[in-house]
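Here is how the chains run, residue by residue.
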Amino acid sequence: MQATKIIDGFHLVGAIDWNSRDFHGYTLSPMGTTYNAYLVEDEKTTLFDTVKAEYKGELLCGIASVIDPKKIDYLVIQHLELDHAGALPALIEACQPEKIFTSSLGQKAMESHFHYKDWPVQVVKHGETLSLGKRTVTFYETRMLHWPDSMVSWFADEKVLISNDIFGQNIAASERFSDQIPIHTMERAMREYYANIVNPYAPQTLKAIETLVAAGVAPEYICPDHGVIFRGADQCAFAVQKYVEFAEQKPTNKVVIFYDTMWHSTEKMARVLAECFREEGCTVKLMWCKACHHSQIMSEISDAGAVVVGCPTHNNGILPYVAGTLQYIKGLRPQNKIGGAFGSFGWSGESTKVLAEWLTGMGFDMPATPVKVKNVPTHADYEQLKAMAQAIAKALKARL
Ligand code: FEO
């Protein structure tokens, strides 16, 4: 890949992964992704982050389109996850850097990932500055955003923030800047990325933004390691504002209903519930677990006020697609949600109790008794579902 100039002396290098669809093995990336690295030319020419190991050749080609890789003096490794650090050994071999800068927890992660012996690693502290010659960079740790080692790099004079995974989006595109992509596409991709990767660390997100703002970080370029670069103060402010919004997880009137079904009774209940919520003025997303990937369900839940889960009883418990989806969602720690449960059964009928336990275990409020139906629902059962939808919608409106 040819390097893309951002501003004088700053270049986007790295790789576009057009075929990525299963990002990190747990979330869909329907638009592909990129692994961005950033080359800053100065008296000490510096590369920020690398790429996935299999893209090392593409990264070196990008660097070579600007300078001979042997002229790189410094490497800055902001995060050791292998989509960014996988090519580190190859880069060290190709560039023979004078120094490799990383955070204290980055150093520990580097040791356990690469078991190196003689790399010239130097730890940088939160708030520490480093002169590259004409330019100065300041490092800020952003622990748990989204790994313990994570940090960002800020060029105050140039107003460039190299943000690693923060503000990332899974977008593979020939366009390299956010102002070249429709804003709704940007917001959607940012939300999908945040909901499925960063959401457990919402408090750290708000704290990191507060810390950076207090330190005077007001970027005109935000350069993430995935997707496109935010260009211009307005685009950067949009990215920051979206992150605050995602992290705050304020309730909305949106209801996500997800379910699985065997002989369509739970599906019928789900469809009736969707109609009841619609009549209550709620926005509804009805998602069958076998048609929707768990990451798509989580993306929809991220801006929902209520999550209603349906499953028939199977072997005294719940079906595996629903169990897997609940397990996935629980790990991502959604906040401020109202829950509801429903399902059909043949003889023992434990599923709604199991679902309610999952939802209360995630801290969801449950304003309505779960609705369970023996075998096939009747109109009387639909009235129960209507009452449940009304109780949930009422609780939801009270939060808005
Ligand atoms: Fe994009 Fe945490 O790696």
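See the structure shown above.
What comes next is a walk through the structure.

## Here's the deal with the environment of Asp303
Within the secondary structure layout, Asp303 lies in the loop between α9 (294-301) and β18 (306-310). Overall, the relative accessible area of 25% leaves Asp303 in the partly exposed class. Taking the C-alpha atoms as reference, Asp303 lies 31 Å from Ala15; in sequence the two are 288 residues apart. Those residues in contact with Asp303, other than ones at most four positions away along the chain, are Arg191, Thr252 and Lys254.

## Regarding the environment of Tyr243
Structurally, Tyr243 is set in helix α7 (residues 233-248). When the C-alpha atoms of Tyr243 and Val198 are compared, they prove to be 9.9 Å apart, with 45 residues separating the residues in sequence.

## Digging into the sheet that holds strand β9 (residues 121-123)
On the basis of which strands lie adjacent, the open sheet formed by 7 strands has the order β1-β2-β5-β6-β7-β8-β9 and mixed pairing. Sheet topology places β1 (4-7) and β9 at the edges, where each strand pairs with a single neighbour. Each strand of the sheet is rotated relative to its neighbour by a mean of 25°, with strand direction disregarded. Note that strand β7 (residues 74-76) and strand β8 (residues 99-102) share 3 bridges and pair parallel.

## Quick word on the pattern of salt bridges
Scanning the entire structure with this criterion turns up 20 salt bridges. In this structure, the salt-bridge partner of Glu245 is Lys242, at a minimum N-O distance of 2.9 Å. Here the residue Glu245 and the residue Lys242 both occupy positions in helix α7, the gap between them amounting to 3 residues, near one helical turn. Under the relative-accessibility criterion, Lys242 is labelled buried at 7%. Between Arg278 and Glu275 there is a salt bridge, with the nearest N and O atoms lying 2.8 Å from each other. With Arg278 and Glu275 both in helix α8 (residues 265-279) and 3 residues apart, this pair spans about one turn of that helix. Where salt bridges share partners, they join Arg188, Glu192, Lys254, Glu300 and Asp303 into one cluster.

## As for unusual backbone geometry
The step from Leu145 to His146 runs through a cis peptide bond, and the omega angle for that step is 15°. Structurally, His146 can be placed in the loop between β11 (136-141) and β12 (151-155). One non-glycine residue with positive phi stands out, namely Lys159, at about 60°. You can see Lys159 is positioned in the loop between β12 and β13 (160-164). Taking the relative accessible area as the measure of exposure, Lys159 reaches 31% and is therefore partly exposed. Of note, the phi angle at Asn315 is positive, near 50°, even though the residue is not glycine.

## What to know about the nonpolar core
Residues Phe167, Met190, Phe230 and Tyr243 are the most contacted members of the largest nonpolar core, which totals 33 residues. Of all the secondary structure elements, the ones that give two or more residues to this core are β12, α5 (183-198), α6 (202-214) and α7. The element best represented in this core is α5, accounting for 7 residues. Listed in part, the 28 residues of the second largest apolar core include Ala15, Ile63, Leu80 and Ile100.

Calculation rules
Residues numbered from 1 in each chain as written. Predicted model: local features only at pLDDT ≥ 70, side-chain atom pairs only at ≥ 80, totals over all residues. Heavy atoms only, no water. Helix = DSSP H or I, 4+ residues; strand = E, 2+ residues; numbered from the N terminus. Buried < 20%, exposed > 50% of the residue type's maximum accessible area, 1.4 Å probe, protein only. Contact = heavy atoms within 4.5 Å. Pairing = 2+ DSSP bridges. Axes fitted to C-alpha atoms, helices over the stretch in contact; angles between N-to-C directions. Salt bridge = Lys/Arg side-chain N within 4 Å of Asp/Glu carboxyl O. Core = buried A, V, L, I, M, F, W, Y, C linked by side-chain atoms within 4.5 Å.

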